[in-house]
Amino acid sequence: KNEVEQSPQNLTAQEGEFITINCSYSVGISALHWLQQHPGGGIVSLFMLSSGKKKHGRLIATINIQEKHSSLHITASHPRDSAVYICAVDRGGSEKLVFGKGTKLTVNP
Amino acid sequence: GAGVSQSPSNKVTEKGKDVELRCDPISGHTALYWYRQSLGQGLEFLIYFQGNSAPDKSGLPSDRFSAERTGGSVSTLTIQRTQQEDSAVYLCASSPWGGNYGYTFGSGTRLTVV
């Protein structure tokens with residue numbers, strides 16, 4: 001079993017829909033990261049969380065440390081949000097990021 | 001520089017040849033990381049530098065892979081006697097001190113071994 005599990009693996013939505021991507025992890029962490037990867041490979045760091053909730057524009061990330069679960073929400077989705085969203089965790093005491101396999105989001109106009 | 005710069009962006013090489021991939025981190029970032037993303041696979045950690053030292057090189061898949069960092073800045077990932085299974089996107093990231101300060105990723109080098 002992977003240490004970081006994401007769901008769904010693929011997600012197709014219509015423009016304007018509310019999107020939720022889930023991430024569960026099984027190890028102790030010091031921080032959890034949400035990353036965005038567009039076609040072509042470049043990765044952008046969206047959020048780094050160790051507790052609670054963060055918001056940036058239409059993106060919201062939450063984490064529940066007790067349940068070892070995080071969610072990434074996108075409100076009023078847009079075709080430009082189409083990308084692969086990756087959850088990654090910093091394991092306590094290690095500089096080695098452990099990655100989920102990613103969620104491929106397609107937002108249709 | 002303003003971001004993490006990787007070169008080349010694409011590299012096609014013949015099986016058995018050596019390749020060097022370069023990463024130029026954000027100026028002042030002491031931590032530097034190499035990751036690999038194989039086709040259809042998730043990202044996997046290769047090596048972590050703090051300054052010029054590599055406290056964690058546990059992700060290097062074989063002794064054909066090596067990396068160095070000089071002057072606390074530029075890093076080079078070298079793959080000797082390349083194999084087809086080495087084909088992947090190699091990503092570099094840097095951080096001011098370590099992961100708890102967040103990461104900035106480069107655009108990657110797409111390596112194809114033919």
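Small disclaimer: the values here were computed from a predicted structure and weren't measured. (Residues numbered from 1 in each chain as written. Chains lettered and ligands numbered in written order. Predicted model: local features only at pLDDT ≥ 70, side-chain atom pairs only at ≥ 80, totals over all residues. Heavy atoms only, no water.)

## A word on the nonpolar core
Counting 24 residues, the largest nonpolar core has Leu32(A), Trp34(A) and Val89(A) as the members making the most contacts within it. Among the secondary structure elements, those contributing two or more residues to this core are strand S3 (19–25), strand S4 (29–37), strand S5 (43–49), strand S7 (59–64), strand S8 (69–74), strand S9 (83–91) and strand S11 (103–108) of chain A. By size, the runner-up hydrophobic cluster in this structure holds 19 residues, among which are Cys23(B), Leu77(B), Leu111(B) and Val113(B). (Core = buried A, V, L, I, M, F, W, Y, C linked by side-chain atoms within 4.5 Å. Buried < 20%, exposed > 50% of the residue type's maximum accessible area, 1.4 Å probe, protein only. Helix = DSSP H or I, 4+ residues; strand = E, 2+ residues; numbered from the N terminus.)

## Some remarks on the pairing of strand S7 (residues 65–69) of chain B
All names here are of chain B. Here S7 runs beside strand S8 (residues 75–79); their pairing, made up of five bridges, is antiparallel. Across the sheet, the residue bridging to Phe 65 is Ile 79, located in S8. Where S7 folds back onto S8 in an antiparallel hairpin, the turn is made up of five residues, including Gly 71, whose phi is positive at roughly 60°. (Pairing = 2+ DSSP bridges.)

## A word on the sheet that holds strand S3 (residues 19–24) of chain B
All names here are of chain B. Ordered in space as S1-S3-S8-S7, the four strands form an open sheet in which the pairing is antiparallel. Where the open sheet ends on each side, the last strands, each with one partner, are strand S1 (5–7) and S7. Each adjacent strand pair in this sheet contributes to an overall mean axis angle of 15°, direction not counted. (Axes fitted to C-alpha atoms, helices over the stretch in contact; angles between N-to-C directions.)

## So, the side chain of Ser77(A)
Residue and element names in this part refer to chain A. Here Ser 77 shows up in the loop between S8 and S9. Here the side chain of Ser 77 touches Gln 14 through a polar contact of 3.4 Å, landing on its backbone oxygen. Among the polar contacts listed, one links the side chain of Ser 77 to the backbone oxygen of Glu 17, at a separation of 2.8 Å. Discounting residues that sit within four places of it in the chain, Ser 77 has contacts with Gln 14, Glu 15, Gly 16, Glu 17, Ile 19, Arg 58 and Val 107. (Polar contact = N/O pair within 3.5 Å; in protein donor to acceptor, adjacent residues only side chain to side chain. Contact = heavy atoms within 4.5 Å.)

## Looking at the interface of chain B and chain A
Taken together, the contacts link 19 residues of chain B with 18 residues of chain A. For the pair chain B and chain A, the two sides together bury roughly 1500 Å², of which 57% comes from carbon and sulfur. At the boundary of chain B and chain A, one finds three residue pairs in polar contact (both at pLDDT 80 or more). Breaking the side of chain B that touches chain A down by element, the ones donating at least two residues are strand S4 (31–37) and strand S5 (43–50) of chain B. It is S5(B) that provides the largest number of residues to the side of chain B that touches chain A, a total of four residues. Considered class by class, the residues forming the side of chain B that touches chain A number nine nonpolar, eight polar and two charged. (Buried area = accessible area lost by both parts, 1.4 Å probe. Nonpolar A, V, L, I, M, F, W, Y, C, P; charged D, E, K, R; others polar.)

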